[in-house]
There are 2 protein chains.
Amino acid sequence: MARGKAPTFELQRAAMLRAAAGLFAEKGFHNASMSAIAQACGVSKPLLYHYYRDKEHLLFDIADSYIDELLAIVASVEARKLGPEAHFSELVTRFMEEYEHAQDHHMVLVQDVKFLKEVQAESVAAKQRRVVAAFADALARVEPGLKGRKLDKAVTMILFGMINWTFTWLRADGPLTFHDMAPIVTGIFLNGVRGLMRGEGAGVAVSGAAADA
Amino acid sequence: MARGKAPTFELQRAAMLRAAAGLFAEKGFHNASMSAIAQACGVSKPLLYHYYRDKEHLLFDIADSYIDELLAIVASVEARKLGPEAHFSELVTRFMEEYEHAQDHHMVLVQDVKFLKEVQAESVAAKQRRVVAAFADALARVEPGLKGRKLDKAVTMILFGMINWTFTWLRADGPLTFHDMAPIVTGIFLNGVRGLMRGEGAGVAVSGAAADA
DNA sequence: CCTACCGATCGGTAGG
DNA sequence: CCTACCGATCGGTAGG
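What counts and how
Residues numbered from 1 in each chain as written. Chains lettered and ligands numbered in written order. Predicted model: local features only at pLDDT ≥ 70, side-chain atom pairs only at ≥ 80, totals over all residues. Heavy atoms only, no water. Axes fitted to C-alpha atoms, helices over the stretch in contact; angles between N-to-C directions. Helix = DSSP H or I, 4+ residues; strand = E, 2+ residues; numbered from the N terminus. Parallel < 35°, antiparallel > 145°, perpendicular 65-115°, else oblique. Left-handed = near helix turned anticlockwise from the far one by under 90°. Contact = heavy atoms within 4.5 Å. Nonpolar A, V, L, I, M, F, W, Y, C, P; charged D, E, K, R; others polar. Near = heavy atom within 4 Å. Polar contact = N/O pair within 3.5 Å; in protein donor to acceptor, adjacent residues only side chain to side chain.

Looking at an unreviewed UniProt entry, one finds chain A named TetR family transcriptional regulator, with Aromatoleum petrolei as its source organism.

Here you go:
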C-alpha cells in the first residue's frame, strides 16, 4: 500500500480521512464541501486533491477501510475458537467496542455509502454481506433451529438493528456507554430468540408468519 | 388549515409532498433538486414554490405530517384500553404496518431531519420524544422492573432499533413483509427482556453494567 | 385583489 | 503547494 511513499504520506492521508469522516457524518456527503474538509485538516483544497482523486474517493476509502476493520474483528474472534455462545457474545461485544471509537466512520457507512457509484458500492456491499454472514453463522451455531424456519436472515438483521441503532441515540456524555450495551443486547437477543423458538410469541402466531415467508 | 383554499389545493400539496419524500429518501435532501421534485409531480418549479416557501418547508412538512401520523396511531391504540401485553404488541404491529406504506417518509425522518434549522428540528424532536415515551410507558406496564434498573431508556431504544432498522434491509419483493416482522420483533423483544430481568444474561454480568449506569 | 401558473434568469457556490 | 479560476448546477425569484 505505502510502497515507495514517504512515511508522512499515509499519516497525511489518515488525517484527511478522519476530517472527511467527521464532516460527512455531521453534515452528510453532499452538504460537506471539499473546502471544508481541507480547512478542517489545515491544508489547501488542491493538496487534498493530491491525496484523493475526488470526493467519492474519500467516501470510498472511509467505508472500505472501516469495513475491513470490522472484518478483521470477525477474523480475530473466529481465531479464538470459542464455544457457540461465547463466540456470539464476543462478536457483539467487540463490535460495540469498535463502534465506540468509530462513530463517524459508521455513520458514513450507514448514511452515505449509497452515493458511491455502482462498482464501488457493490465492493463495499460485498464486504458488508461477509460481516452479516459471520453473524448469521455465529447465531446458527447458538440456535440451529432458526434456519429451518427461514427466520435466520430476519433475526440476524434484527440483531444488527439493535446494535446499529445505538448511533442515533447513545450520547458520549450519557450514563450508558457502548461497552455497557453489549451484555444488554446479547441478553435480550439470545433470551428472546430462545423464547421465540419455544413458541412464546407473546400470544401471536409467529410460526404462521414464518410459514408464509 | 384549508380555510378559503380551493379543494384542489390540498391535493396538489399532497402530491408534491409525496414526490419530495420519494426523492429525498432516494437521493438525500441535498442531492435532490427542487427542479427534480417539480418534474416528478409534473409542475413547474415556480408552481412548486407557490405551494412551499422553500426546500426546507417541504422537508419539515414531510417529517411533521409523518410524525403526527405516528402520534395518531399511539392515541388510537391507547384509546382501545388493552391489557399491558396486548397494548404493547398492538403498538409494534400498528407501527410496522404504518412503516410498510410510509417508507419514504420514514427514511426522510431518519436521515434528513438533521438538515432542519434549530426551531423546526426541535419541534420534530419534541414529537419524536412523545412517541418514544409512549413506547417506554407501554413497556413499563409489561415489565415494571426495568425502570428500577435504569434500563428503560436503553431497552426502549433497542426496540426502536429492531423495528426501524428494517428499512435498511427489508425489500418489498422479498419473502418477508413488514407485517410479518411484528410478531417476530415482539416475540424476541418481550421474551428477551424477561430473560434479561431474570438475570439470564448469557453468562454476562448484565446487572453490573446497569449498576454503572 | 385573489389564486394559479409560466419562461427566463437571478445571485451564489458546488466540485474540480 | 498556492492563488486563481472554470463549467455546471444549485435554490430561489424576477417580470408578465
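Additional details are given in the paragraphs that follow.
Visitor: Describe the packing of helix α11 (residues 178-197) of chain A against helix α9 (residues 152-164) of chain B, naming the residues involved and giving the relevant values.
Guide: The contact between α11(A) and α9(B) brings their axes to 11 Å, and the two run at 60°. Here α11(A) is positioned oblique relative to α9(B), judged by the angle of their axes. The chirality of how α11(A) crosses α9(B) is right-handed. Along the contact surface, α11(A) presents A:Met181, A:Ile184, A:Val185 and A:Ile188, while α9(B) presents B:Ala154, B:Val155 and B:Ile158. In terms of residue class, the contact of α11(A) with α9(B) is built from seven nonpolar, no polar and no charged.

Visitor: Can you break down the protein's contact with DNA strand C residue by residue, with the values?
Guide: Taken together, 15 residues lie around DNA strand C, and A:Lys45, A:Lys55, B:Ser44, B:Pro46 and B:His50 are the ones closest in. Atoms of DNA strand C within 4 Å of the protein belong to the sugar or the phosphate in 50% of instances, the rest to bases. Taking A:Met34, its main chain carries an N or O atom lying 3.2 Å from a phosphate oxygen of DNA strand C. Contact distances for DNA strand C include 3.2 Å between a phosphate oxygen and a side-chain N or O atom of B:His50. At four residues, helix α3 (residues 45-51) of chain B tops the list of elements feeding residues into the surface near DNA strand C. Here the surface near DNA strand C is built from residues that sort into eight nonpolar, four polar and three charged.

Visitor: With reference to specific residues and values, describe the protein's contact with DNA strand D.
Guide: As a matter of local geometry, DNA strand D sits amid A:Ser44, A:Pro46, A:Leu47, B:Ala32, B:Ser33, B:Met34, B:Lys45, B:Pro46, B:Tyr49, B:Asp54 and B:Lys55. The sugar-phosphate portion of DNA strand D accounts for 54% of its atoms within 4 Å of the protein, the bases making up the rest. One of the backbone N or O atoms of B:Met34 is found 3.0 Å from a phosphate oxygen in DNA strand D. In the model, a base oxygen of DNA strand D is placed 2.2 Å from a nitrogen or oxygen of the B:Lys45 side chain. A total of three residues in the surface near DNA strand D trace back to one element, the largest contributor, which is α3(B). Its residues placed into classes, the surface near DNA strand D shows six nonpolar, two polar and three charged.

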